[in-house]
Amino acid sequence: MAGIYVHIPFCKSKCSYCDFASFPDKLCFAESYMACVYREMAFRKEELKNYSFDTLYIGGGTPSIIDENYIAMLVSAARKNFNLAKDAEITIEMNPGTVSAKKIETYKKCGINRFSIGLQTAIDSQLKDLGRIHTLNEFVYCTKLLKGENFSVDVMIGLKNQTAEDVEKTIEVAAAFGASHISMYALTPEDGTPIYTDYLNGELPDSDEVAKVYEIGVKKLESLGFDRYEVSNFCKKGKESKHNLNYWQRGEYIGFGVAASSHINNVRFTNTFDLDEYFKCVLSNHLPVINSEEVGAVEREEEYIMLALRTAKGLNLKKYFELFNKNFEEEYAVALKKNAEYMQINGDYIKIKNEYLFVQNSIIVEFFK
Amino acid sequence: MSKPNQFIRNFCIIAHIDHGKSTLADRIMELTGQVSKRDMEEQLLDSMDIERERGITIKLTPVRMFYTASDGNEYVFNLIDTPGHVDFTYEVSRSLAACEGAILIVDASQGIEAQTLANVYLALENDLEILPVINKIDLPSARPDEAKKEVEDVIGLDASYAPLVSAKEGTNIAEVLEDIVKYFPAPSGDTEAPLKALIFDSYYDNYKGVILFVRVKDGSIKVGDKIKTFQSEKVYDVVEVGVFAPGLFPKDGLFAGEVGYIAASIKSIQEVAVGDTVTNAETPALEPLPGYKKVQSVVFCGIYPLDGSKFNDLKEAILKLQLNDASLIFEPDTSVALGFGFRCGFLGLLHMEIIQERIEREFGLDIITTAPSVSYKVVKTDGEVIFVDNPSHLPPQSEIEHMEEPIVKADIYSPPDYLGQIMDLCREKRGVFKQMTYLDANRVQLEYNLPLNEIIFDFFDQIKSRTRGYASFDYELLGYEKSKLVKLDILLNGDVCDALSMIVHEDSAYSRGRMLCENLKEAIPRQLFEIPVQAAIGGKIIARETVKAVRKDVLAKCYGGDITRKKKLLEKQKEGKKRMRSIGNVEVPSEVFMQILKTNKD
């Protein structure tokens, strides 16, 4: 299994919590940018000719803000350059404020079969606080256009003035309008973003409150038929994001575009975060990679554990043995004994118990050398 | 041949911390051409990193200089720099015994401080001639005339001839040099008499063995002589003698009146006691010179390696430090909570801090230190008397007839405005008021008897903060007094943590217990389960706090681009965990053991 990620770094405006590579005022460069992305794909064609890819994920930024025809061309460029499976999962991220019937028609036609909608919250005042460009109504409109499609909705917790009821309502709305997948993740105030000042001023709910809301959210999701398959990801049966599951299995993926990351053949590398630099590199026939690090043997193992224990299923003991030629339970006897109370073994899997998934860091680090 | 004694001047400098002692020493060295200004590192005599950073002198350092006085003669100056802090008084008394004169530096704006006074009295006891020097006259707040008057009023010295200098700017230093020649007596002593040399310091050199710092009182010593000391009788062959230039500067011999060093292949600093007298093994002197009081440890604490497997490295480090610091004492100790380590004795709190810092810095070891304790006298029901400095070694209550604690005489000097605050503090600390003396309109001396265990925690910080840094304080040990003391235990998750036990006065046990629990609650990070933190006396719980279980500790998102960065975050968390000690199943940050007492909130 391997995935392709394409980063579209354009937005109408920057959300207050956003620390991704996105450029609200550079939309005019979209055409040149997409041309560079197709070109960057061609650079990698030879190197990746023996890979078969099962997923394509178009993320951002706001991929839905650019002309839909570029997206269609992107999908076909991916197919042209790489062995992308016929039934591949092809996802696009969308902002409800940027959609139209025509756009979605084009997406569907070019083979996109999964949509990820950034709702965040169903409370308009909170959307405004976050600097989101859409309202709840626009989300509803968007879901109507997507009727019958496989789509996911992002929900944020830990927002200013957000109550547990607000979160429940957001989940209910997402479910009622047909989401098959919901990502519920806690706001992480990053230094340098506008929301960080809210955090510094104590305006955001503290970690205990967020934990409480998370628990209530999980209950709500489960009652609506969404099972947790990763700490922040919930879905109807069989609707897991294959692209993301690949990350948590330490799978390989290739990223294109500004700030995109890749993991190929035990090397992790990242493209430049600078749009101008990206153009210059690609136009002069260079890869826009700014750092590249071979993952050592110890790190591979730590990464594998750290990622696998995020999932609800946990770490597959057989797969671990295949990958590292060691018995997990022997190798980590001390850490397992110390954390016996917080973990459980189900057949071939060892997992962090559900009730401790939200405090997993301190358990995971016990498995670091 | 050596110069006749009449051209030698041996002297030291006495000053309060920060009053410019090392700076003046530097200027004197500069002016005598000992070092060129260009080559001079700031504060040449303080050679340890810690000394320079903290601006204090810990070890005394002698240096020899030549000075051509206005009378046309060339004089040899032996300057012995001395530490200024109360903890190191013993070092001062040692250097005083090697001198005939002492320069007393008085800060022109701050006047005489407690520590200065204590050292002046020491110098007077040693029959030293004292030359007052008023320093820092360059400061706008300088009031040299008042400083002079204070010297006359408080110490009773004639200060009319005291040079007014600025060591920092090099003003009037020449006058000081002339006064040294004029006022300090030349050393007496008979070069033909049997050798008597006072050891005033020593250190261990990797190549030469122990280097003895000596003041030759009578006779002479040269390479090849056989020497012994009065206390050990062991005979050594002198390999090298010399003077301090600064740094070791070999010479053919040392003669009565001179200050210098001896290397005689002595293997360990413990073989030759500082304060002992060196004499010639073949023609020995009959009587030793008067020595000094033996140094006594007053503050004790446990030192443990953070990583239990580093015990031997820690042992090595402490042994090496002891080579140059005979006042550091230690013995192996074990703690249920902290494993194998050492119980160490120090001259005071600063000495303790410096040793801890040197272990971490010079040997790259991470250590855990327990809260400081004093040595208690325990009279058992069977009549046996023992001294206990480690709370976990205290016998069961039923075997104790009574306990006694060390009491000090504390002299606090302060402007009158802060008397109330100081008296409040002393009362809180179980102090007994003795007397109050107005030194002048702006300075009062308060004398209290205080239990030592009350001042080893935060007394110094409190005095400084309550008087905005204006008050200074000094103490000396008086003896032991009967006291109602109890052992206060701390329970983490239901188990006693021996490393946190302490001996406290019965009356303050409840408040101390409550404070400890509160501080621990803040200091112990939340873990996956709820942790009760309790204080108990003899099994009875007197205070309780709870460290709530952590409820959120997760990286919300972890997708393709996040993996490397998020893994680094977890690695950092892991590093933090490595700085913790597991007490039962509770993880406790290593600083806690030392710091819970310091964060005393008002």
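Quick notes on the rules
Residues numbered from 1 in each chain as written. Chains lettered and ligands numbered in written order. Predicted model: local features only at pLDDT ≥ 70, side-chain atom pairs only at ≥ 80, totals over all residues. Helix = DSSP H or I, 4+ residues; strand = E, 2+ residues; numbered from the N terminus. Buried ≥ 20, exposed ≤ 12 C-beta atoms within 10 Å, placed from the backbone. Contact = placed C-beta atoms within 7 Å. Pairing = 2+ DSSP bridges. Axes fitted to C-alpha atoms, helices over the stretch in contact; angles between N-to-C directions. Arc of directions from axis to C-beta. Domains from an automatic or database assignment. Nonpolar A, V, L, I, M, F, W, Y, C, P; charged D, E, K, R; others polar. pLDDT = per-residue confidence, 0-100. Parallel < 35°, antiparallel > 145°, perpendicular 65-115°, else oblique. Left-handed = near helix turned anticlockwise from the far one by under 90°.

Draft legend 1. How the structure looks around the overall build of chain B. When helices and strands are tallied, chain B shows 14 helices and 32 strands. Scored against the burial criterion, the 602 residues of chain B give a buried share of 46%. Across chain B, the fraction of contacts at a sequence separation of at least 24, relative to all contacts at a separation of at least 6, is 69%.

Draft legend 2. Region of the structure containing the sheet that holds strand E17 (residues 329-335) of chain B. Residues and elements named next belong to chain B. Spatial ordering of the open sheet is given by E17-E18-E16-E19, a layout of four strands whose pairing is antiparallel. Edge positions in the sheet fall to E17 and strand E19 (367-369), since each of these pairs with one other strand and no more. Neighbour-to-neighbour, the strand axes of the sheet open up by a mean angle of 30 degrees, direction not taken into account. Taken together, the five bridges between strand E16 (residues 299-305) and strand E18 (residues 339-346) define a ladder with antiparallel strand orientation. By the bridge assignment, Phe300 is partnered in E18 with Gly345. Here helix H8 (residues 349-362) sits on the sheet and contacts E16, E18 and E19; the angle it forms with E19, its principal contact strand, is near 165 degrees.

Draft legend 3. A look at helix H10 (residues 275-283) of chain A. All names here are of chain A. Of all the positions in H10, only Leu275, Tyr278, Cys281 and Val282 are classed as buried. Summarising the axial view, the buried residues of H10 lie within an arc of 125 degrees, below the 170-degree limit, and thus occupy one face. Opposite the packed face of H10, turned more than 90 degrees from it, sit the exposed residues Asp276 and Leu283. Those residues of H10 that are buried lie in contact with helix H1 (30-45) and strand E11 (267-271). Taken from the residues just after H10, Asn285 is the one with a positive phi, measuring 60 degrees.

Draft legend 4. Here's a closer look at the domain arrangement of chain A. Residues and elements named next belong to chain A. Split into domains, chain A comes out as domain 1 (2-247) and domain 2 (311-367). Placing a centre on the C-alpha atoms of domain 1 and another on those of domain 2 gives a separation of 30 Å. Each side of the interface is counted separately: domain 1 has six residues, and domain 2 has five residues. Those elements that provide at least two residues to the side of domain 1 that touches domain 2 are helix H8 (207-223) and strand E7 (227-230). Of the residues forming the side of domain 1 that touches domain 2, the biggest block, three residues, is contributed by E7. Of the residues belonging to the side of domain 1 that touches domain 2, the class tally is four nonpolar, no polar and two charged.

Draft legend 5. Layout of the confidence of the model for chain B. Across chain B, the average pLDDT comes to 84, with 89% of residues at 70 or higher. A low-confidence stretch, residues 36-44 of chain B stays under pLDDT 50, and its non-local contacts, those more than four residues away or across chains, total 12 contacts.

Draft legend 6. The arrangement of the pairing of strand E26 (residues 485-492) of chain B in detail. All names here are of chain B. Burial analysis of E26 places six of its eight residues in the buried class, the great majority of the element. Here E26 runs beside strand E29 (residues 531-537); their pairing, made up of five bridges, is antiparallel. Across the sheet, Leu488 pairs through a bridge with Ile537, a residue of E29. Of the pairings in the sheet, the one linking E26 to strand E27 (residues 495-496) comprises two bridges and is antiparallel in character. Counted as the bridge partner of Leu491 is Val496 from E27.

Draft legend 7. The arrangement of the packing of helix H9 (residues 419-428) of chain B against helix H11 (residues 459-466) of chain B in detail. All names here are of chain B. Following both chains from N to C, one finds H9 and H11 inclined at 160 degrees, their axes separated by 9 Å at the closest point. In this view, H9 runs roughly antiparallel relative to H11, as classed from their interaxial angle. As H9 runs across H11, the sense of the crossing is right-handed. Of the residues in H11, those in contact with Gln421, Ile422 and Leu425 of H9 are Gln462, Ile463 and Arg466. Here the residues of the contact of H9 with H11 sort into three nonpolar, two polar and one charged.

Draft legend 8. Here's a closer look at the interface of chain B and chain A. Facing the 21 residues of chain B at the interface are 32 residues of chain A. Considered class by class, the residues forming the side of chain B that touches chain A number nine nonpolar, four polar and eight charged.

Draft legend 9. The arrangement of the sheet that holds strand E14 (residues 343-346) of chain A in detail. Residues and elements named next belong to chain A. Read across the open sheet, the three strands follow the order E13-E15-E14; overall the sheet is antiparallel. For this open sheet the edge positions go to strand E13 (315-316) and E14, each flanked by a neighbour on one side alone. As paired strands, E13 and strand E15 (residues 349-352) are joined by two bridges and run antiparallel to one another. When the sheet's bridge partners are listed, Asn316 is paired in E15 with Tyr349.

Draft legend 10. Fine view of the environment of Ser13 of chain A. Residue and element names in this part refer to chain A. With respect to the element layout, Ser13 can be found in the loop between strand E1 (2-8) and H1. Owing to 14 C-beta atoms within 10 Å, Ser13 belongs among the partly exposed residues under this scheme. Spatially, the C-alpha atom of Ser13 lies 49 Å from that of Val334, the residues being 321 residues apart in sequence. Setting aside its immediate chain neighbours within four residues, Ser13 contacts Pro24, Gly131 and Ile133.

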